[in-house]
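So the chains spell out like this:
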Amino acid sequence: CYETISKHSKNLNICDNIPSTEFSYGTCLKNIALNSKKPNICDTIIGKQHDECYLEIVLEYGDKKLCNKMNDEINTQKCDFYDEVPSKCSETTWICYLESAIESSNYKICYWIDSVNSKFGCFRDIAMKLNEPSICDEILFSNTYREDYAPEARALCKQDVSSGTTSSLFNR
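What counts, and at which threshold
Residues numbered from 1 in each chain as written. Predicted model: local features only at pLDDT ≥ 70, side-chain atom pairs only at ≥ 80, totals over all residues. Heavy atoms only, no water. Helix = DSSP H or I, 4+ residues; strand = E, 2+ residues; numbered from the N terminus. Buried < 20%, exposed > 50% of the residue type's maximum accessible area, 1.4 Å probe, protein only. Contact = heavy atoms within 4.5 Å. Areas by Shrake-Rupley, 256 points an atom, 1.4 Å probe, with all protein chains shown as cover. Disulfide = S-S within 2.5 Å.

Draft legend 1. Examining the overall build of the protein chain more closely. Along its length, the protein chain carries 8 helices and 0 strands. When the 172 residues of the protein chain are sorted by exposure, 44% land in the buried category. Sequence-distant contacts in the protein chain: of pairs separated by 6 or more residues, those separated by 24 or more amount to 39%. By element, 48% of the accessible surface of the protein chain is carried by carbon and sulfur atoms, the whole surface being about 9300 Å².

Draft legend 2. Looking closely at the state of the cysteines. What the rule picks out here adds up to 4 disulfides. The disulfide partner of Cys-42 is Cys-53, and the S-S distance across this bridge is 2.0 Å. Disulfide Cys-42-Cys-53: torsion about the S-S bond near -65°, hence left-handed. Separated by 11 residues along the polypeptide, Cys-42 in the loop between helix H2 (23–36) and helix H3 (48–61) and Cys-53 in helix H3 bring together distant segments of the chain. No difference in accessibility class separates Cys-42 from Cys-53, as the two residues are buried. Cys-136 shares a disulfide with Cys-157; S-S distance 2.0 Å. Note on the Cys-136 and Cys-157 pair: the S-S dihedral is about -65°, so by sign convention the disulfide is left-handed. On the criterion of sequence distance, the pair formed by Cys-136 in the loop between helix H6 (116–130) and helix H7 (144–147) and Cys-157 in helix H8 (residues 150–163) is long-range, its members being 21 residues apart. Here Cys-136 and Cys-157 have matching classes, each one buried.

In short, geometric facts, not functional conclusions.
Structure below.
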């Protein structure tokens, strides 16, 4: 209830009615930060929602200086390249990001894809299209567990570029 109210409010006190350990507490703070145009509220959010708060403010108001406040490298990359994402793509349509990245040969759009295998395919397909294996070095994944796959993904990407074949990161 309070989370819903926060979507239309600038009153930070609304969030005090939600236990700080709940996910909706971070969402409430993010909504207030967006509505009040006060990005410093994002600093009070813990975990993954901290970066999401800053990213949404950057997308809404275009203040790229806020990218430096993010904790996760992949979120920083997404933030730095937010203006390269086609306006036709909403934040949740990774297939739009994939198609736009490959069509425009702009690997920076690949950072917006959350799926490990799809992100890998995005970087690889652009590297193959441009015959530029160094693009494979740009592959990053968004959390520690997934980042363990990055060295293997980079090597497989380069192998695919040099051989002209396409591999799946997980189906081998």
